[in-house]
Amino acid sequence: FIDRTEMHITHKYLDFINLMTYDLRGWDQPTGHHTCLYDPVDAPVIFSADRSVKMLEGIGVPKNKMVLGAAFYSRMWKNVPNINNGMNQPSPTGGGFGPGYTEISLIHEKSGRFTKYWDDTAKASWLFDGKDFISYDDPQSVKEKCEYVKREGLRGMMYWEHGSDKTGVLFNTIYENLK
């Protein structure tokens, strides 16, 4: 992306740059965080919001033009081996789109079927039921991103996709932590 967009030049003509710091994992990759703030430990594929900010800053893009992204939807892998709570495991389905935060918070987190996990290094959550793995942002990970935005002097936050959080919980987390 950086090589093809000439962001070291382009940023001079932009008021802000939305960083799509989600979909960092999925498709035919092993399970993992698709919207983590920091690099996860021992992951076969390493991407994070922080790494994206540092890469752009490294080529001269000012932090005060960067807008950090949050995901109101998930990535889901099916038929995952029951090893390491599903983290960093292969899946025959790849990490396709999973449920939105509304369904996650009102059904999956409360169903008793899934166990919720938190990666304190990556500042990211996931659900695993012994075979299905769901990577997503929750209020804790979104709050961590808000704190990062303020601490690092970024322009703000954006998210995709508004209709995936009919509860308003993630949107309100952003509002309450950035106001």
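Check the entry above for the structure.
Remember, predicted model here, so these are calculated numbers, not experimental data.

Enquirer: Can you help me understand the packing of aromatic side chains in this one?
Expert: Where two aromatic rings form a pair, the distance of their centres and the angle of their planes describe that pair. Within this structure, the stated rule accounts for nine aromatic pairs. Between Tyr-159 and Phe-171, the aromatic rings sit 6.0 Å apart at their centres with planes inclined by 80°, giving edge-to-face as the arrangement. Here Tyr-159, found in strand S8 (residues 156-160), pairs with Phe-171, found in helix H6 (residues 169-178); they are twelve residues apart in sequence, far enough to count as distant. Look at Tyr-159 and you get partly exposed, because its relative accessible area is 24%. Within the aromatic cluster, the residues linked to one another by ring pairs are Trp-77, Tyr-117, Trp-126, Phe-128 and Phe-133. Directly above the aromatic system of Trp-27 lies the positively charged group of Arg-75, at a separation of 4.3 Å from the ring centroid. Looking at Arg-75, its charged tip hangs above the ring of Phe-97, at a distance of 4.1 Å from the centre.

Enquirer: Honestly, helix H3 (residues 49-58) in this entry has me stumped. Any pointers?
Expert: Think of an α-helix as 3.6 residues a turn; residues three or four steps apart then line up on the same face. Within H3, burial applies to Ala-49, Asp-50, Val-53 and Leu-56. Summarising the axial view, the buried residues of H3 lie within an arc of 130°, below the 170-degree limit, and thus occupy one face. For H3, the exposed residues lying more than 90 degrees away from the buried face are Lys-54 and Gly-58. Tucked into the core, H3 has its buried residues touching helix H1 (2-5), helix H2 (7-10), strand S1 (17-19), strand S2 (66-71) and helix H5 (139-152).

Enquirer: How should I be thinking about the pattern of salt bridges in this particular structure?
Expert: Side chains that differ in charge, positive against negative, can pair when their charged atoms come close. Inspection of every chain in the model, using the stated rule, returns 14 salt bridges. Residues Asp-50 and Lys-54 are paired through a salt bridge, measuring 3.0 Å at the closest nitrogen-oxygen approach. Within this pair, Asp-50 and its partner Lys-54 are both found in helix H3, separated by four residues, close to a single helical turn. Across the salt bridge formed by Asp-129 and Arg-113, the nearest N and O atoms sit 2.6 Å from each other. Placement of the pair is Asp-129 in the loop between strand S6 (124-128) and strand S7 (133-136) and Arg-113 in the loop between helix H4 (101-108) and strand S5 (115-119), with a sequence separation of 16 residues. Residue classification places Arg-113 among the partly exposed residues on the basis of a relative accessible area of 42%. Residues joined in a network through salt bridges with shared partners are Arg-113, Asp-129, Lys-131 and Asp-132.

About the cut-offs
Residues numbered from 1 in each chain as written. Predicted model: local features only at pLDDT ≥ 70, side-chain atom pairs only at ≥ 80, totals over all residues. Heavy atoms only, no water. Phe/Tyr/Trp six-rings, centres within 6.5 Å; stacked < 30°, edge-to-face > 60°. Helix = DSSP H or I, 4+ residues; strand = E, 2+ residues; numbered from the N terminus. Buried < 20%, exposed > 50% of the residue type's maximum accessible area, 1.4 Å probe, protein only. Lys NZ or Arg CZ within 6 Å of the ring centre and 35° of its normal. Arc of directions from axis to C-beta. Contact = heavy atoms within 4.5 Å. Salt bridge = Lys/Arg side-chain N within 4 Å of Asp/Glu carboxyl O.

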